[in-house]
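# Close look at the chain arrangement
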Amino acid sequence: MDLLPDLWRQDYWLPPGVTWRDMEQLADSDRPRPQDLLVALPLALGFVALRYVFERFFAPPMGRFLGVKNRLQVTAAPSPKLESFYTQRSRQPTQSEIISLMVSCGKTQRQIETWFRLRRNQDRPCQTRKFGEAAWRFFFYLTAFMAGLSCLIDRPWFWDHRECWRQYPVQRMERAHYWYYMLELGFYGSLLLRISVDIKRKDFKEQVVHHLATIFLLSFSYCANYIRIGTLVMLLHDSSDILLESAKMFNYGTGWRKTCDTLFVVFAVVFLVTRLLIFPTKIIRTTLVLSMEVFEPFAGYYFFNILLMVLQGLHIFWAGLIIRMVYKFLKGKLEKDERSDEESEIEEEELDKGGEENMDHGDRYWEKSKDTLNSKLSMLTNSCVLNNLTNHRSSVADRMRKAQ
């Protein structure tokens, strides 16, 4: 079929009046070619392997240095029927399902609710695993940001965004920018390859959309020679991601609360400034408005800007989560990342029951609290009995003395 040739029609990728032959004025090594994107595939697999080595050998000693410890968990008692329901139907049964399970298992409602709570806690990712993931992303974003900054800071389009479109699309591509693109593309490809086994967070769907939009954005901008503006987009995003992952690393450690809080505040400021201020007023304005000073809109122009709008929508979504965290932080109630894994939160059903479970210690904390409370009640009861007995004996002795 003619689908593939139609895909590469020059009016899709290039401004009106520009052809692929015009691009051939540049040497093969100086211009982007679609087949170059195939390099990202082995790079993605390489990042998966490198991440395994990093999390296996480098992250654990770093975690021990920061005091990262796994919480002790109470395992749910073996129950084939409940386990089958948990794995095949739902991790959070409804009230009618709980009643049905009470009949089939011969357990009380409280026992079934406790079993499912303990079972969900068993599936929660451990602290060392979460630390390893955050540490891996931190080192990549830090390396990518430093490499990107070093190859962009002395380029004219870094300071004057109109330079992004000067002589477009016949612009020479530097090898440093080529590798910058390929490494970023390979990294996000590796995130997609591992997304089914990575820790699932509350914004899992948004993360999938973000990774796909980023890959499409990088791939299209490379083929259409949007290299200059593309490098600015990557650098801008990496700047705040470094702070986010470093704050997570210290959050999982012990005794680093002030450091974590400081990094979080800095991250919140950098994120809100770069994603809600600089990105729309500088980057999107550059692609929407300044580019039209050089060429007329074409299909690629609209496609590229739509992808940028998708990213901006995700920025607004995450900004809402961050603002909520800032609000809690200012009230002194910041306890965890709003994007923390789903089971690390206190469940709403448990909150409705009066907070029977403490977030950090789970059912062990509740059982321990009940034991302590029962112990104190027993002491109080014994004390009252002893006092009554002593008073009774004293009154008897007084009556006997008076009788004598």
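Further up the page is the structure itself.
Residues numbered from 1 in each chain as written. Predicted model: local features only at pLDDT ≥ 70, side-chain atom pairs only at ≥ 80, totals over all residues. Heavy atoms only, no water.

### Things to note about the overall build of the protein
Operational definition: We count a stretch as a helix when DSSP gives it H or I for four or more residues in a row; a strand needs E for two or more, and each element gets its number in order from the N terminus. Contacts are assigned to residue pairs that have any heavy atoms within 4.5 Å of one another. Reported accessibility uses the Shrake-Rupley method at a 1.4 Å probe radius. Residues are deemed covered only where the shown protein chains occlude them.
Helices and strands together make up the secondary structure of the protein, namely 16 helices and zero strands. Pairs at least 24 apart in sequence give 79% of the contacts found in the protein among residues at least 6 apart. Per element, the accessible surface of the protein, about 22400 Å² overall, is 61% carbon and sulfur.

### Considerations on a nonpolar patch on the surface
Here is the rule: Here the term patch refers to residues with relative accessible area over 30% and no salt bridge, with like charges joined within 9 Å and nonpolar side chains (Val, Leu, Ile, Met, Phe, Trp, Tyr) within 5 Å. A side-chain nitrogen of Lys or Arg and a carboxyl oxygen of Asp or Glu constitute a salt bridge if their distance falls within 4 Å. Each residue's exposure class comes from its accessible area (1.4 Å probe, protein chains only) as a fraction of the maximum for that residue type: buried when under 20%, exposed when over 50%, partly exposed otherwise.
A surface patch of nonpolar side chains, about 440 Å² in accessible area, is lined by Y52, V53, F57 and F58. The topology assignment puts Y52 in helix 4 (residues 40–66). Overall, the relative accessible area of 54% leaves Y52 in the exposed class.

### Some points on the packing of aromatic side chains
In plain terms, the rule: Stacked, tilted and edge-to-face are the three classes assigned to paired rings of Phe, Tyr and Trp, where Trp is represented by its six-membered ring and a pair needs centres within 6.5 Å; plane angles under 30 degrees give stacked, over 60 edge-to-face, the rest tilted. Both a distance and an angle decide whether a charge sits over a ring: NZ of Lys or CZ of Arg must be within 6 Å of the ring centre and within 35 degrees of the ring normal.
Counting across every chain of the model gives 34 aromatic pairs. Where F47 meets W136, the ring centres are 6.3 Å apart and the plane angle is 65 degrees; that geometry is what we call edge-to-face. Here the residue F47 occupies a position in helix 4, and W136 occupies one in helix 8 (residues 127–152), the gap between them amounting to 89 residues. Here the aromatic cluster, defined as three or more aromatic residues joined through ring pairs, consists of W8, W13, W165, Y168, F220, Y226, F295, F298, F303 and F304. Across the ring face of F57, the terminal group of R56 is positioned such that the distance to the ring centre comes to 5.2 Å. Here R175 stacks its cationic end above the ring of Y178, 4.3 Å away from the centre of that ring.

### What about unusual backbone geometry?
With omega at 5 degrees, the peptide bond leading from Y168 into P169 counts as cis. In this fold, P169 is placed in the loop between helix 9 (156–159) and helix 10 (175–193). One non-glycine residue with positive phi stands out, namely Q167, at about 65 degrees.

### A few points about helix 7 (residues 109–122)
What counts is decided by this rule: For a helix, the expected span equals 1.5 Å multiplied by the number of residues minus one.
Taking 1.5 Å of rise per residue, 14 residues should cover 20 Å, and helix 7 covers 20 Å from first to last C-alpha, within 8% of that figure. Within helix 7, ten of the 14 residues are buried, which leaves the element mostly enclosed by the surrounding structure. Among the residues making up helix 7, those that are buried are I112, E113, T114, W115, F116, R117, L118, R119, R120 and N121.

### Digging into the nonpolar core
Quick note on the threshold: Each nonpolar core is a collection of buried residues, namely Ala, Val, Leu, Ile, Met, Phe, Trp, Tyr and Cys, held together in the definition by side-chain atoms within 4.5 Å.
Ranked by size, the top nonpolar core spans 81 residues in total, and within it W165, F187, Y222, Y226, I229 and F279 carry the most contacts. Elements supplying a minimum of two residues to this core: helix 4, helix 8, helix 10, helix 11 (204–223), helix 12 (227–252), helix 13 (257–288) and helix 14 (299–330). It is helix 12 that contributes the most residues to this core, 14 residues altogether. Setting aside residues no more than four positions away along its own chain, F279 makes contact with V233, L236, H237, T274, I284, L308, L311, Q312 and H315. Core analysis: the second largest hydrophobic core is formed by ten residues, L82, L101, I112 and F116 among them.

### Focus on the environment of L7
Checked against the element boundaries, L7 lands in helix 1 (residues 3–7). Residues within four places of L7 in sequence aside, it is in contact with Y12 and W13.

### Things to note about the environment of Y12
Checked against the element boundaries, Y12 lands in helix 2 (residues 10–13). Separated by 287 residues in sequence, Y12 and A299 place their C-alpha atoms 5.0 Å apart. When neighbours within four sequence positions are excluded, Y12 is seen to be in contact with D6, L7, F298, A299 and G300.

### What to know about helix 6 (residues 95–105)
For the α-helix, the turn length of 3.6 residues means that residues three or four positions removed from each other point alike. Here is the rule we go by: The arc in question is the one spanned by the directions pointing from the helix axis to the C-beta atoms.
For helix 6, the set of buried residues is E97, I98 and L101. Buried residues of helix 6, seen end-on, are gathered within an arc of 100 degrees and therefore sit on one face of the element. Opposite its buried face, helix 6 presents the exposed residues S96 and V103, each directed more than 90 degrees away. Phi turns positive one or two residues past the end of helix 6, at G106, with a value near 70 degrees.

### Here we look at the environment of Q35
Examined against the element boundaries, Q35 turns out to sit in the loop between helix 3 (20–23) and helix 4. Separated by 188 residues in sequence, Q35 and C223 have C-alpha atoms that sit 9.1 Å apart.

### Describing the packing of helix 11 against helix 14
Going by this rule: Axis definition: a line fit to C-alpha positions, over the contact stretch in the case of helices; interaxial angles, taken between N-to-C directions, run 0 to 180 degrees. Angle categories are assigned with fixed cut-offs, so that under 35 degrees is roughly parallel, over 145 is roughly antiparallel, 65 to 115 is roughly perpendicular, and the rest are oblique. In this scheme, a crossing is called left-handed if the near helix is turned counterclockwise away from the far one by less than a right angle; it is called right-handed if the turn is clockwise. Any residue outside Ala, Val, Leu, Ile, Met, Phe, Trp, Tyr, Cys, Pro, Asp, Glu, Lys and Arg is labelled polar, Gly included; the first ten of those are nonpolar and the last four are charged.
Running from amino to carboxyl end, helix 11 crosses helix 14 at an angle of 150 degrees, the nearest separation of the two axes being 10 Å. Between helix 11 and helix 14, the crossing angle belongs to the class labelled roughly antiparallel. The element helix 11 and its partner helix 14 pack so that their crossing is left-handed. Listed contacts from helix 14 to E206, Q207, V209, H210, A213, T214, F216, L217, F220 and S221 of helix 11 are G300, F303, F304, L307, L308, V310, L311, L314, F317 and W318. Partitioned by chemical class, the residues of the contact of helix 11 with helix 14 number 14 nonpolar, five polar and one charged.

### Overview of the side chain of S240
Residue position: S240 is located in helix 12. Residue S240 is classed as buried on the basis of its relative accessible area of 0%. Contacts of S240, omitting those with residues within four sequence positions, involve F267, V270, F271, T274 and R275.

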